[in-house]
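Descriptive structure summary
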Amino acid sequence: MQILKGNSNFDFMGRSNIALILSAVLMVVSIGSLVTRGLNFGLDFTGGTLIEVTFPAAADIEQVRTNLQEAGLNDAVVQTFGAASDIVVRIPPRSEEESTAEISTVVLDALQTGVEGEVEMLRVEFVGPQVGEELTEQGILAVIYALIGIFLYVMFRFQWRFSVGAVIALIHDITISMGIISLVQIQFDLTVVAALLAVIGYSLNDTIVLFDRIRENFPRMIKSDPITVVNTSVNQTLSRTVMTSLTTLLVLVALFVFGGEIIHAFAFTLIVGVIIGTYSSIYVASTSLLRLGVSKFDLLQVEKEGENLDSMP
Amino acid sequence: MNQYPAWKYILITIILVLGAVYALPNLFGKDPAVQVTSARGFSIPADLSTTVDDALVVAGVDYKSREQIDNRLLYRFNNSDAQLQASEAIKEALGEQYVVALNLAHATPPSLRAFGGKPMTLGLDLQGGVHFLMQVDMDTARGQQLDRFVDDIRTALREEGIRYISVRREGNGLLMMLRSEEDRARTEEILDTNESLVGLNVREIDQGENFGLSATVEEQQLLELQQTALRQNITTLRNRVNELGVAEPVIQQQGAERVVVQLPGVQDTVEAKKIIGATATLEYRAVDEGHDAYTAAQTGRVPPESRLYSDNEGQPVLLKKRLIVSGDQLIGASSGFDQRTGQPQVSVTLDGVGAGRMLDFTRENVGNRMAVVYIEQKPGGRKTEEVISVAVVREPFGKRFQTTGLDSIDEASQLALLLRAGALAAPMEIVEERTVGPSLGKLNVEQGFKSVVIGFLLVLVFMALYYRVFGLVADIALFVNLILLISLLSMLGATLTMPGIAGIVLTVGMAVDANVLIFERIREELRNGNTPQASIRAGYDKAFSTIADANITTLIAAFVLFLFGTGPIKGFAITLSLGIVTSMFTAIMGTRAVVNLIYGGRKRVAKLRI
């Protein structure tokens, strides 16, 4: 079975202006959404308390609200999720003095008030204000350090133009992924940060495979211009790119559908990221490479320096 | 042509066998079990198992097997009903000296355990439990340390017969006021030589007619104090957790000021939080018999050597500032009823130092009153102090005595528990809590497992359809990859969390990438008119550097994730990194070995089924 004939010859680079416009539009929309709507930060970053419980029967939300108010928790937000007996209570972060783990105990007591049978605790999360700030800082630092590490490795294995191309593609992917998360207001928690870093890894994977082919093709197609070389390389790696994206998407969809609530945001982010990452390694990374003026001379030099043990026949 | 030397096959076989042996324990389930350990970390007497056996016979509970590992005694049962019954029976038989905890012991057969094989432990999100991140309030710890210096200096000066004007805390340091140049010189000498007063930077200052000394604590000394405070808190937390009867708790330092506490499988999280989070301690102080507390409270004139407290009904009590015994000198406490009055009481046992001081005090103070102050630290350095009992010293005592005047037996047992669990060296507060109830944990395991299986099967089918024979070879490699990944995680003693499962799923999706790269190369070589054998070789050779580059960059991302992530995110990073390493092995070396077996020996291969 073959989805794509091996000798496909799409003129990818010929349409690079369309791709550029598409990317630009996506970036503008993403940044716009990030600025205006912002991210729906989860507890991990904002701090606060979250309590999930199951009532023995359908819960009386009004009663729950009254009970919580009587317990002095006027700022509690009560919602059902899934079944009518499942309730989630969110309490926003407070000042450092008042924000303690005791709040969840008060809430659990309040929820039990006037209910026959036991209200079962499913999940309690409490994040103090100081922890939230640290996690935000760590998340941002993690992304930056990952980008720097990758930039250096690619520069060492290829050449600086490739590094710049790869990092531009990655920034493109992260921005648009976060833009989409912001548009659909998926809760942005620690697992989403992990997913974004996995997207970096994945998208980079695609980009490196393509760059590897470009590096291989430059000396072979000594008479062709860089655009043709890149275009041929994209075509040669196309069926692999599509195949790997498909298998990865298969498992991610399985995770999204069957993995349950706590993994939802994670799977969603990765699905979005894999699709964008695939597109960006074809268009963004290679277009950036061309616009940066990559030529056969860049790589010949590298070949001499690095003298790869394995890639040349 | 395409043949592997024998050593490569042997290597692959060895890795496969090792992988299988270490992955196997995960297939066996878990036995409900009851674990008995000594409450104070002593070793278990040899005849303890007989006592427990007898108790179980009386209770009519049969156990499946019994074993003693290091300092714990483990009883396995056939079902959780028997486990619960047994736990109650054993608790009753052994009393408070032992910790009886419910446990799920893995049912790995001894033959596999002989190799050190053990299943992965499930994370709190998968089996339910409590995760606390606790922060030590170092400001208060420093303050307490300064107070201790003040006490010690006063005592030392009194012992030397130096009459000082004042010794007190001043900001982050100490200030001492003395009457003469000579007193000051002697004080300096004491500060220099006294063993409990090391680490002070002393400076002379003059204020009017007084001769002053100001002292600050050296930075190095402060750091050491912090470390000690943190270590002591960890010990205290460990004692408290023991009281809760948790089978496999994790209590670890994280950073300079934090402690992680993880209690898998705890059902009553509210109780757990109360015990862990409590920062209460007791102080025994003498009642100031020479002055009237009510007068002092009304006029605000408190004698310099005393302090005004209030009891639980709000009545004023005047106590001497000098401490007799504090909570950290207490080694045991148990609740019960006073045989004469029937009142709830707590029997207290002190350590040697505490007992000596108590004896000194009670000898000279028969007929006088002694008070117990209950101090609870609140976050942010506030504390509430309450006198919970005032009792007349009837006779001199030292090591053992009783505290009465408690409202109920519940209060007595709670207090006894807190006393046993020891005092924290510095107040702590919970800055992060993640609790997962047992039913949600179960649901997470089911869903996680299901998504791995479905995702895995989808990929297997897809690869087999797309690459036919080579696809099946890749499927075998993928399966082996999963086994190797699980065995590595088990060997490392990794904890499987939901993000970890996500890492495994993602690895499955990405592990085929290497094979896709190779197979697409082979197809390309074939299209270019190369012979099947040459195409196979060229395909593997040419794809290698691409695979290496692509995987190393992903490893960089995973490594950063590991460095910056905490808890569950680290789990994801570990599974992802290990998955990359194992998939390199199975997808390149593993598939090549199988492909060589199928095609390598043949002289002529007309067509590759790829």
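Quick caveat: nothing in here was measured; it's all calculated off a predicted structure.

Basis of the calculations
- Residues numbered from 1 in each chain as written.
- Chains lettered and ligands numbered in written order.
- Predicted model: local features only at pLDDT ≥ 70, side-chain atom pairs only at ≥ 80, totals over all residues.
- Helix = DSSP H or I, 4+ residues; strand = E, 2+ residues; numbered from the N terminus.
- Rg over C-alpha atoms; globule rule 2.2 N^0.38 Å.
- Buried ≥ 20, exposed ≤ 12 C-beta atoms within 10 Å, placed from the backbone.
- Domains from an automatic or database assignment.
- Contact = placed C-beta atoms within 7 Å.
- Pairing = 2+ DSSP bridges.
- Axes fitted to C-alpha atoms, helices over the stretch in contact; angles between N-to-C directions.
- Core = buried A, V, L, I, M, F, W, Y, C linked by C-beta atoms within 7 Å.
- Expected span 1.5 Å × (residues − 1).
- Parallel < 35°, antiparallel > 145°, perpendicular 65-115°, else oblique.
- Left-handed = near helix turned anticlockwise from the far one by under 90°.
- Nonpolar A, V, L, I, M, F, W, Y, C, P; charged D, E, K, R; others polar.
- pLDDT = per-residue confidence, 0-100.
- Arc of directions from axis to C-beta.

**Description of the overall build of chain B**
Helix and strand content of chain B: 16 helices and 22 strands. Rg of the C-alpha trace for chain B: 34 Å, well past the compact-globule value of 25 Å for 610 residues, more than 25% over. By principal-axis analysis of the C-alpha atoms, chain B measures approximately 110 × 70 × 40 Å. Looking at chain B as a whole, 44% of its 610 residues qualify as buried.

**Points about the domain arrangement of chain A**
In terms of domains, chain A is made up of domain 1 (13-42 + 132-306) and domain 2 (48-127). Computed from C-alpha coordinates alone, the two centres of domain 1 of chain A and domain 2 of chain A are separated by 41 Å.

**What to know about the interface of chain B and chain A**
Each partner contributes to the interface: chain B provides 66 residues, whereas chain A provides 62 residues. Elements with a minimum of two residues in the side of chain B that touches chain A: α9 (269-277), β21 (428-436), α13 (438-491), α14 (498-527), α15 (532-564) and α16 (567-600) of chain B. At 16 residues, the largest contribution of residues to the side of chain B that touches chain A is made by α14 of chain B. Where strand β5 (residues 120-127) of chain A lies against β21 of chain B, five bridges are found, and the strand directions are antiparallel. In the sheet register, Val 124 of chain A faces β21 of chain B, and the bridge partner there is Thr 435 of chain B.

**Considering the pairing of strand β8 (residues 173-178) of chain B**
Residues and elements named next belong to chain B. Side chains of β8 alternate between two faces, with Leu 174, Met 176 and Leu 178 buried and Gly 173, Leu 175 and Met 177 left unburied. Pairing between strand β7 (residues 166-170) and β8: five bridges, direction antiparallel. Counted as the bridge partner of Val 167 is Met 176 from β8. Relative to strand β10 (residues 210-217), β8 is paired through six bridges, and the arrangement is antiparallel.

**Let's talk about the sheet that holds strand β3 (residues 72-76) of chain B**
Residue and element names in this part refer to chain B. In space, the four strands of this open sheet follow the order β2-β3-β1-β4, with antiparallel pairing throughout. Edge positions in the open sheet fall to β2 (65-69) and β4 (98-106), since each of these has one partner strand only. Recorded for the sheet is a direction-independent mean angle of 25° between the axes of neighbouring strands. Along the sheet, helix α2 (residues 48-59) contacts β1 (30-38), β2 and β3; its crossing angle with β3, the most-contacted strand, is approximately 30°. Against the sheet, helix α3 (residues 80-94) touches β1, β3 and β4, its axis set at about 10° to β1.

**Concerning the nonpolar core**
Where a protein is soluble and globular, its nonpolar side chains tend to be buried together. Ala 146, Ala 194 and Leu 197 of chain A together with Leu 561 of chain B are the most contacted members of the largest nonpolar core, which has 137 residues in total. Setting aside residues no more than four positions away along its own chain, Ala 146 of chain A makes contact with Leu 197 and Ile 200 of chain A together with Ile 556, Ala 557 and Val 560 of chain B. Of all hydrophobic cores here, the second largest spans 67 residues; its members include Val 34, Leu 133, Ile 276 and Ala 426 of chain B.

**As for helix α8 (residues 226-258) of chain A**
Taking 1.5 Å of rise per residue, the 33 residues of α8 of chain A would be expected to cover 48 Å, and the 45 Å separating its terminal C-alpha atoms lies within 8% of that figure. Looking at the residues trailing α8 of chain A, positive phi occurs at Gly 260 of chain A, about 90°.

**Quick notes on the sheet that holds β8 of chain B**
Residue and element names in this part refer to chain B. Read from one edge of the open sheet, four strands run β7-β8-β10-β9, paired in antiparallel fashion. Where the open sheet ends on each side, the last strands, each with one partner, are β7 and β9 (200-207). If you compare each strand with its neighbour and ignore which way they point, the axes differ by 20° on average. Running at roughly 170° to β7, helix α6 (residues 138-159) makes contact with β7 and β8 of the sheet. Sitting on the sheet, helix α7 (residues 181-193) is in contact with β8, β9 and β10, with an inclination near 20° to β10.

**As for the domain arrangement of chain B**
The domain boundaries assigned to chain B delineate domain 1 (6-24 + 437-600), domain 2 (29-107), domain 3 (139-218) and domain 4 (279-420). Inter-centroid distance (C-alpha atoms) of domain 1 of chain B to domain 3 of chain B is 67 Å.

**Overview of the packing of α2 of chain B against α3 of chain B**
Residue and element names in this part refer to chain B. Interhelical geometry of α2 versus α3 gives an angle of 125° and a closest axis separation of 9 Å. Classified by the interaxial angle, the pair formed by α2 and α3 is oblique. Every pair of crossing elements has a handedness; the one defined by α2 and α3 is right-handed. Only Gln 85, Ala 86, Ala 89, Ile 90, Ala 93 and Leu 94 of α3 make contact with α2, whose side of the interface consists of Thr 51, Val 52, Ala 55, Leu 56 and Ala 59. Residues of the contact of α2 with α3, tallied by class, amount to nine nonpolar, two polar and no charged.

**Description of the pairing of strand β14 (residues 306-310) of chain B**
Residues and elements named next belong to chain B. Where β14 and strand β15 (residues 316-326) come together, five bridges link them in antiparallel fashion. Pairing of Ser 306 across the sheet is with Lys 320, part of β15. Counted along the chain from β14 to the antiparallel partner β15, the turn is five residues long, and its residue Gly 314 has a positive phi close to 85°.

**Examining the confidence of the model for chain A**
When pLDDT is averaged across chain A, the result is 85; 91% of the residues are at 70 or more. In this model, residues 302-313 of chain A is a region of pLDDT below 50 whose contacts with residues beyond four sequence positions or in other chains number seven contacts.

**Some words on the environment of Leu 263 of chain B**
Residues and elements named next belong to chain B. You can see Leu 263 is positioned in strand β12 (residues 258-264). Assessed through the 24 C-beta atoms surrounding it within 10 Å, Leu 263 is described here as buried. Leu 263 sits 253 residues away from Ile 10 along the chain, and the two C-alpha atoms are 44 Å apart.

**Structural notes on α7 of chain B**
All names here are of chain B. In this model α7 runs 19 Å from its N-terminal to its C-terminal C-alpha over 13 residues, within 8% of the 18 Å that 1.5 Å per residue would give. Taken together, the buried positions of α7 are occupied by Asp 183, Arg 184, Thr 187 and Leu 191. Taken end-on, α7 shows its buried residues confined to a sector of 95°, consistent with a single buried face. Looking at α7, the residues exposed on the side facing more than 90 degrees away from the buried face are Glu 181, Glu 182, Glu 189, Asp 192 and Thr 193. Where the residues of α7 are buried, they touch α6, β8, β9 and β10.

**Regarding the packing of helix α5 (residues 129-157) of chain A against helix α6 (residues 160-184) of chain A**
All names here are of chain A. The contact between α5 and α6 brings their axes to 8 Å, and the two run at 150°. As judged from the angle between their axes, α5 and α6 are roughly antiparallel. Of the two elements, α5 crosses α6, and the hand of that crossing is right-handed. Between α5 and α6, the residues in contact are Val 143, Leu 147, Ile 150, Phe 151, Val 154 and Met 155 and Trp 160, Phe 162, Ser 163, Ala 166, Val 167, Leu 170 and Ile 174, respectively. A breakdown of the residues in the contact of α5 with α6 according to their chemical character gives twelve nonpolar, one polar and no charged.

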